[in-house]
Amino acid sequence: MTAIALTIAGSDSSGGAGIQADLKTFAAHQVYGASVIVALTAQNTKGVSAIHAVPRDFVAKQMQAVFEDLDVGAVKIGMLATAELIETVAAGLQRHGAKNVVLDPVMIAASGARLLEASAVEAIRKHLFPLATLITPNLPEAAALLGSSAAETDEAVEDQADRLAALGAANVLIKGGHGGGDVSSDLLRLAGGSRQRFNAPRVETRNTHGTGCTLSSAIAANLAKGQTLPEAVGNAKSYISAAIAAADQVAVGHGHGPVHHFHHWWGKSGSKP
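The notes below deal with the structure included here. Keep in mind that what you see is a predicted model, and the values were worked out from it rather than measured.

1. Some words on the overall build of the protein
The number of helices and strands found in the protein is eight helices and nine strands. The C-alpha atoms of the protein give a radius of gyration of 17 Å, which matches the 19 Å a tight globule of 273 residues would have. Referenced to the eigenvectors of the C-alpha coordinate spread, the extents of the protein come out at roughly 45 × 45 × 40 Å. Buried positions account for 53% of the 273 residues belonging to the protein. Within the protein, counting contacts between residues at least 6 apart in sequence, those at least 24 apart form 65% of the total. Here the protein displays about 11700 Å² of accessible surface, and carbon together with sulfur accounts for 52% of that area. Taking the average place of the 21 positive charges on the side chains of the protein and the average place of its 23 negative ones, the gap between the two points comes to 3 Å.

In structure tokens form, the structure reads like this:
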């Protein structure tokens, strides 16, 4: 059987994040990638200059076309832009019985541009939390979902993970990339309340465009291949850490460049084609 993962997200015209990063990540994990585009962005490594939301009925038709034909093993959800699109995607997930749903609640781009209407945060909690196998907010996103300030200690991160679970999130991964210190620590809170940390040395680079998209799509790819959730998260953490470490090998743009999705195949750490 061919493992298939679906990304439902926005398009990044510069290729470093969004749909493009997700499909690259699926390919790097030897998983076939399908896509439903919910928004178009005029974007490069320096920022986002425009966003165009796809009409709701066309988003629904894309989902119908994929699910009625492909055996989708996992779904990654990224930028959804508006409350209306969130509702449309949630209805489609329910209609088609989507499984292994990884929700990355994308709100702000690496450049600082807002990618989600402020009024849509409640829609994420109400419509997508109950359908998600895992949510993957970073520290600022977790705080925004809770209407609180960003966690600054391990204890505060654990408390916020518990609070997100109480809002209906089955499993929670709070990413520590925006924290301080020499180690980037991600906290996985499983449905039963158990916790597991995934640590990696912090890499000093400005090339972090698409980091969150890449991690969540790597988790989805691993779930599509049949891995357990802790296995999928642990392997995805190793992958994104290596992709960030190799990011400076790829000279793209003049701002926050992308991580190196194919570091295993070309560059200093891999063979060249």
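2. Quick notes on the environment of G147
The residue G147 is located in the loop between α5 (139–146) and α6 (154–166) in this model. The spacing of G147 and V121 is 26 residues in sequence and 9.6 Å in space, taken between C-alpha atoms.

3. Focus on the nonpolar core
Counting residues in hydrophobic clusters, the biggest one holds 48 residues, and the most contacted among them are L6, I8, V75, I77, L93 and L164. Here this core takes six residues from helix α3 (residues 83–95), the largest share from any one element. If sequence neighbours within four positions are ignored, I77 has contacts with I8, V89, L93, V101, V102, L103, D104 and L128. F198, A218, A220 and A224 belong to the second largest nonpolar core, which has 27 residues in total.

4. What about the pairing of strand β3 (residues 47–53)?
Two elements, strand β2 (residues 32–44) and β3, share six bridges in a ladder whose sense is antiparallel. Paired with Q43 across the two strands is V48, which belongs to β3. Once β2 ends, the chain turns through two residues before running back antiparallel as β3.

5. A closer look at the pairing of strand β9 (residues 195–201)
The side chains of a regular strand alternate, residue by residue, between the two faces of the sheet. Pairing of strand β8 (residues 183–189) with β9, which is carried by seven bridges, proceeds in the antiparallel orientation. Across the sheet, residue R189 finds its bridge partner in β9, namely R195. Between the end of β8 and the start of β9, which pair antiparallel, lie five residues, with G193 showing a positive phi angle near 105 degrees.

6. Notes on the packing of helix α4 (residues 121–128) against α5
The relative placement of two packed helices comes down to the angle between their axes together with the axis-to-axis distance. Look at α4 against α5: their axes get within 9 Å of each other, and the N-to-C directions meet at 85 degrees. In this view, α4 runs roughly perpendicular relative to α5, as classed from their interaxial angle. Residue-level inspection shows V121, I124 and R125 of α4 in contact with α5, the latter providing A144, L145 and L146. A per-class count over the contact of α4 with α5 returns five nonpolar, no polar and one charged.

7. A closer look at α4
Every buried residue belonging to α4 is among V121, A123, I124 and L128, and all of these are buried. The buried residues of α4 all sit within an arc of 160 degrees when viewed along its axis, so they share a single face. Lining the buried residues of α4 we find β4 (74–77), α3, β5 (101–103) and α5.

8. As for the environment of S14
By the secondary structure assignment, S14 is in the loop between β1 (4–12) and α1 (18–28). Using a relative accessible area of 30% as the deciding quantity, one classes S14 as partly exposed. Between the C-alpha atoms of S14 and P258, which are 244 residues apart in sequence, the distance is 9.3 Å. For S14, the contacting residues outside a window of four places in its chain are Q43, N44, T45 and H209. In this structure the side chain of S14 is engaged in a polar contact, spanning 2.8 Å, whose partner is the side chain of D12.

Cut-offs applied
Residue indices begin from 1 for each chain and proceed along its sequence in written order. Predicted model: local features are reported for residues with pLDDT of at least 70 only, side-chain atom pairs are reported and counted for 80 or more only, and whole-chain, interface and lining totals are derived from all residues. Side-chain measures were taken over the full set of non-hydrogen atoms in the model, leaving aside hydrogen atoms and water. Helix and strand assignments come from DSSP, with helices taken as H or I runs of at least 4 residues and strands as E runs of at least 2, each series counted from the N terminus. Only the C-alpha atoms count toward the radius of gyration. The rule for a globule is 2.2 Å times the residue count to the power 0.38. Per-residue accessibility, obtained with a 1.4 Å probe over protein chains only, is compared with the maximum for each type, and a residue is labelled buried under 20%, exposed over 50%, and partly exposed between these values. The contact criterion used is simple: two residues touch if any of their non-hydrogen atoms lie within 4.5 Å. The method behind every accessible area is Shrake-Rupley, applied with a 1.4 Å probe, and residues are considered shielded solely by the protein chains displayed. Two residue types count as positive, namely Lys and Arg, and two as negative, namely Asp and Glu; His and chain ends fall outside the count. The location of each charge is read from NZ of Lys, CZ of Arg, CG of Asp or CD of Glu. Side-chain atoms within 4.5 Å are what join buried Ala, Val, Leu, Ile, Met, Phe, Trp, Tyr and Cys residues into a set we call a nonpolar core. The rule for pairing is simple: two strands pair if DSSP sees at least two bridges between them. In this analysis, axes come from line fits to C-alpha atoms, helices being fitted only over the stretch in contact, and the angle between any two N-to-C directions falls in the range 0 to 180 degrees. Angle categories: roughly parallel below 35 degrees, roughly antiparallel above 145, roughly perpendicular from 65 to 115, and oblique for all the rest. Note that Gly is not counted as nonpolar here; it falls among the polar residues with everything else outside the nonpolar set of Ala, Val, Leu, Ile, Met, Phe, Trp, Tyr, Cys and Pro and the charged set of Asp, Glu, Lys and Arg. Taken from the helix axis, the directions to the C-beta atoms give the arc we talk about. Pairs of N or O atoms are called polar contacts if they sit within 3.5 Å, as long as, within protein, a hydrogen donor faces a hydrogen acceptor (for residues adjacent in sequence, only side-chain-to-side-chain pairs).

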